[in-house]
Amino acid sequence: MAVLWFAAHGVSGVAWALSLWAQVSNDKTLYPIIKKAFAYEQTLFDKEVKTWKDARNDALTCHWCYGALGIAMALNEMHHVLKDSHL
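Residues numbered from 1 in each chain as written. Predicted model: local features only at pLDDT ≥ 70, side-chain atom pairs only at ≥ 80, totals over all residues. Heavy atoms only, no water.

A. Representation of the packing of aromatic side chains in the model. All told, the structure shown has one aromatic pair when counted by the stated rule. Taking 4.7 Å as the distance between ring centres and 75° as the angle between the ring planes, the aromatic pair formed by phenylalanine 45 and tryptophan 52 counts as edge-to-face. The partly exposed category is assigned to phenylalanine 45, whose relative accessible area is 27%. (Phe/Tyr/Trp six-rings, centres within 6.5 Å; stacked < 30°, edge-to-face > 60°. Buried < 20%, exposed > 50% of the residue type's maximum accessible area, 1.4 Å probe, protein only.)

Have a look at this one:
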C-alpha cells in the first residue's frame, strides 16, 4: 500500500493538524515531528513535472484533498505556525 502525502488523506494533513495543535497548545516539542513530515513529503516531489504525483496511480492531481493545492495549503499553514522560512 502506498503512503499518501496529500492534505486530506496523507502526511500533509497529519502534519497540518499537528501544527495547529502545537499552536493551540503551545507544544513546541511537536515541531521536529512536523518538520520530519515535511522533509518526507519533499522527497516525493517530482522535479520533472514540478508537482506531487498520486502514489495510488501515478496521476497528476491538483485538488485540496489530493494534490498540490492541498499540500500548498498545509505548507502555508505550517509555515505560519513554525515560523520556518524553509516551509
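B. Spotlight on helix 1 (residues 11-25). If you check helix 1, its first and last C-alpha atoms are 21 Å apart, about what 15 residues at 1.5 Å a residue would give, namely 21 Å. Of the positions making up helix 1, those classed as buried are Val11, Ser12, Gly13, Ala15, Trp16, Ser19 and Ala22. In this structure, the buried side of helix 1 is in contact with helix 2 (31-42) and helix 3 (68-82). Directly after helix 1, the chain includes asparagine 26, whose backbone phi takes a positive value near 60°. (Helix = DSSP H or I, 4+ residues; strand = E, 2+ residues; numbered from the N terminus. Expected span 1.5 Å × (residues − 1). Contact = heavy atoms within 4.5 Å.)

C. The arrangement of the nonpolar core in detail. Ranked by internal contacts, the top residues of the largest apolar core, which has 17 residues, are Ala15, Ala22, Tyr31, Ile34, Leu75, Met78 and Leu82. Here this core takes seven residues from helix 3, the largest share from any one element. (Core = buried A, V, L, I, M, F, W, Y, C linked by side-chain atoms within 4.5 Å.)

D. Up close: the packing of helix 1 against helix 3. Interaxial distance between helix 1 and helix 3 falls to 9 Å at its minimum, and their mutual angle equals 25°. The orientation of helix 1 relative to helix 3 falls into the category roughly parallel. As helix 1 packs across helix 3, the resulting crossing turns out to be left-handed. Contacts between helix 1 and helix 3 involve Ser12, Ala15, Trp16, Ser19 and Gln23 from the former and Ile71, Met73, Ala74, Glu77, Met78 and Val81 from the latter. Considered class by class, the residues forming the contact of helix 1 with helix 3 number seven nonpolar, three polar and one charged. (Axes fitted to C-alpha atoms, helices over the stretch in contact; angles between N-to-C directions. Parallel < 35°, antiparallel > 145°, perpendicular 65-115°, else oblique. Left-handed = near helix turned anticlockwise from the far one by under 90°. Nonpolar A, V, L, I, M, F, W, Y, C, P; charged D, E, K, R; others polar.)

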